Amino acid sequence: MSRSKRRSALAAATVALALTAAACSSSDDGSSSDPTASSSGSGSSAFQPEHKGGTLKLVAHAAAGSLDPQVNYTLQYWQLYQSMYDGLLSFKKVGGQQSFTVVPDLAEAMPKVTGGGKTYTFTLRKGISFSNGKPVTTDDVVASFQRVFKVSSPTAGTFYNGIVGADACLKKPASCTLEGGVTGDAKANTVTVNLTAPDPEFPYKLAVPHASVVPKDSPAKDAGTKPLPTTGPYMAASYDPNRALKLVRNPHFKEWSRPAQPEGYPDVIDYTFGQTVESEVTAVQNGQADWMFDPPPADRLNEIGTKYASQAHVNPLTAFWYATLNVNMAPFNNKLARQAINWAVDRAAVVRLYGGTNLASPVCTILPPGFPGHVDSCDYTKDGGKTWSAADLAKAKELVKQSGTAGQEVGIVVQDDDVNKSIGQYLQSLLTQLGYKAKLKPLSGNIQFTYIQNTKNKVQLALTSWYQDYPAASDFLNVLLSCASFHPGSDSSINIAGFCDKGIDAKMKTALETGQTDQQSADQQWGAIDQEIMAQSPVVPLITPKLIDFTSKRVGNYQFSKQFYMLVGQLWVK
């Protein structure tokens, strides 16, 4: 998720939060689910009208950029889109492992799959309208698929490039028609999607916000701060990224599927930006805010873990924090220099900066532990082993010497919150020890993620994170490090390292094809690909995190979706 960057991390005070974690962890464990396993999605509790109403107040240090659901790739806003936008399919809006289950949303049932897995036929539900009052039609669905390419959605080349006609759309987005790929039949009220090859992950890809259905007359460019009409229970009434986002009820929403899109409880959701994390904590403690997006600072965690333990919810995540190394710029166009950084980084130090061992663990691979395809393997740990144990600075210095890159300048781009900056300062100190002239460049979280993606900004090393879009190995390896994800000069180039190895790309393609008939074998292939990429060292995996949600006393009905996190629209505030 999400792509998707997610909030920064937590800080210290592990003893207090250990108590919190034991008392409040709300998510069950488990790995992936079969996206086609459920066609009904039962299990959601009935709506309780006595809890309806009120204003839910959210606070964050910064906004997350564009509000366009087909462009934005941050979990900060994907979390809100759960209650705003809909696609043909959706992840079930419940807490726990069931939240990985795909259910019909704007489609009245799971699709009829024919043509050896290459043709998906959906029947559109009737009677659903956008928040502007216009009914949702098959034309809107077809136009929305085309718009994915017209706005150069970050996942156009990875999630949806298997749709017939996608190649032409990727080459010339403005004239995208997806001819032969997506067709609507208004009379039958059906939409048919044709793929060039079977894709067992396609239901997942239709359930993320980039596949949201928006009106056919939506602009063929990033809508930015101008909200698009929604189909869910909430719509944006106003948005100023420097100040606030206000969501109000969609007057045309009527619950059509509780598992896919449940009625919301608060009447209004106010999201205020521009606060410090200290003020966010105080606001939640005083009941002036109901939830804070950013991690609490270290000096407030003891207080939260002791006085407010019942209001702190800790959940494990399928994600990783990592450093990107630009393989197309000096010094990291030299593999030895890249490997040196992987040997040098003390993951335990990063864990401490993040919040301690109760809130994060060191990692050596791109696929998180417990994720499909993950194999315990560590190429860069002192004295060897399958898991990370210690850095080897001496080996790193030797590699830098062999690379001939010592003395070169390296810019480190991080977000400007306390935790990101502290990890950035650690990396700066480490690079200095290795003989580089390192400079730290903190940027607002509102722009850092897009900034580090654009090759025009010549970012050499960036600190970022990746949170699953859906539970499949390709969502990390194919999305982050395939040739198709590298778009020079674009703000939507999620392959930030610029890594493109055609041999590894071919193996990814084979693994995707294997997954059509044998997911277990495919996951084994993904595990080997993970290790092969790590040998090239375009990224430095650092930690896998847990997440804390700190809520006010008046908040009830907390539920944590493993897919999109706290269900904002399901919170009670009265």
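A word on the overall build of the chain
Along the backbone of the chain there are 15 helices and 20 strands. A compact globule built from 574 residues would reach a C-alpha radius of gyration of about 25 Å, and the chain, at 23 Å, matches this within 12%. Per-residue burial over the chain gives 61% buried out of 574 residues. Considering only residue pairs separated by 6 or more positions, the chain has 74% of its internal contacts joining residues 24 or more positions apart. About 20300 Å² of surface is accessible on the chain, with carbon and sulfur atoms providing 50% of the total. Within the chain, the 49 negative side-chain charges are centred at a point lying 4 Å from the centre of the 52 positive side-chain charges.

Concerning the confidence of the model for the chain
Regions with low pLDDT carry predicted coordinates that are not meant to be interpreted in detail. Mean pLDDT over the chain works out to 91, with 92% of the residues at or above the 70 mark. Between residues 1–43, whose pLDDT stays under 50, and residues either more than four places distant or in other chains, the model counts 160 contacts.

A few points about the sheet that holds strand S7 (residues 190–194)
As summarised here, the arrangement of the 4 strands in space is S4-S5-S7-S6, forming an open sheet in which the pairing is antiparallel. With one partner strand each, in any of the chains shown, strand S4 (112–114) and strand S6 (182–185) form the two edges of the open sheet. Strand-to-strand twist of the sheet, defined as the mean angle between neighbouring strand axes without regard to direction, takes the value 20°.

Considering the state of the cysteines
Here a disulfide denotes one covalent bond, and it connects the sulfur atoms of two cysteines. Within this structure, the stated rule accounts for 3 disulfides. Sulfur-sulfur distance for the disulfide between Cys169 and Cys176 comes to 2.1 Å. Taking the sign of the S-S torsion, about 75° here, the bridge from Cys169 to Cys176 comes out right-handed. Since its relative accessible area comes to 1%, Cys169 is described here as buried. Residue Cys176 is classed as buried on the basis of its relative accessible area of 4%. Covalent S-S linkage joins Cys483 and Cys500, the inter-sulfur distance amounting to 2.0 Å. Residues Cys483 and Cys500 are joined through a disulfide that is right-handed, its torsion about the S-S bond being 100°.

Reading the values: rules and limits
- Residue numbers restart at each chain and count upward from 1, following the sequence in its written direction.
- Only residues with pLDDT of at least 70 are given local features in this predicted model, and only at 80 or more are side-chain atom pairs given and counted; all residues enter the totals for whole chains, interfaces and linings.
- To get the side-chain values, take all heavy atoms of the structure and skip hydrogens and water.
- Here a strand is any run of E in DSSP of at least two residues, a helix any run of H or I of at least four, and the numbering for each starts at the N terminus.
- For the radius of gyration, the atom set is restricted to C-alpha positions; the globular benchmark scales as 2.2 Å times the number of residues to the power 0.38.
- We call a residue buried when its accessible area falls under 20% of the maximum for its residue type, exposed when it is over 50%, and partly exposed in between, using a 1.4 Å probe and counting protein chains only.
- Contact criterion: two residues are considered in contact whenever any of their non-hydrogen atoms come within 4.5 Å of each other.
- Only the protein chains shown count as covering a residue, and every accessible area follows the Shrake-Rupley method with a 1.4 Å probe.
- Think of it this way: Lys and Arg go in the positive column, Asp and Glu in the negative one, and His and the chain ends go nowhere.
- Working definition for charges: the position is that of NZ of Lys, CZ of Arg, CG of Asp or CD of Glu.
- As a per-residue quantity, pLDDT reports the predictor's confidence and falls between 0 and 100.
- Each pair of strands is called paired provided DSSP finds at least two bridges between the two strands.
- For helices, the fitted line uses only the C-alpha atoms of the stretch in contact; every axis is such a line through C-alpha atoms, and the angle between N-to-C directions lies from 0 to 180 degrees.
- Cysteine sulfur atoms are paired as a disulfide whenever they come within 2.5 Å of each other.

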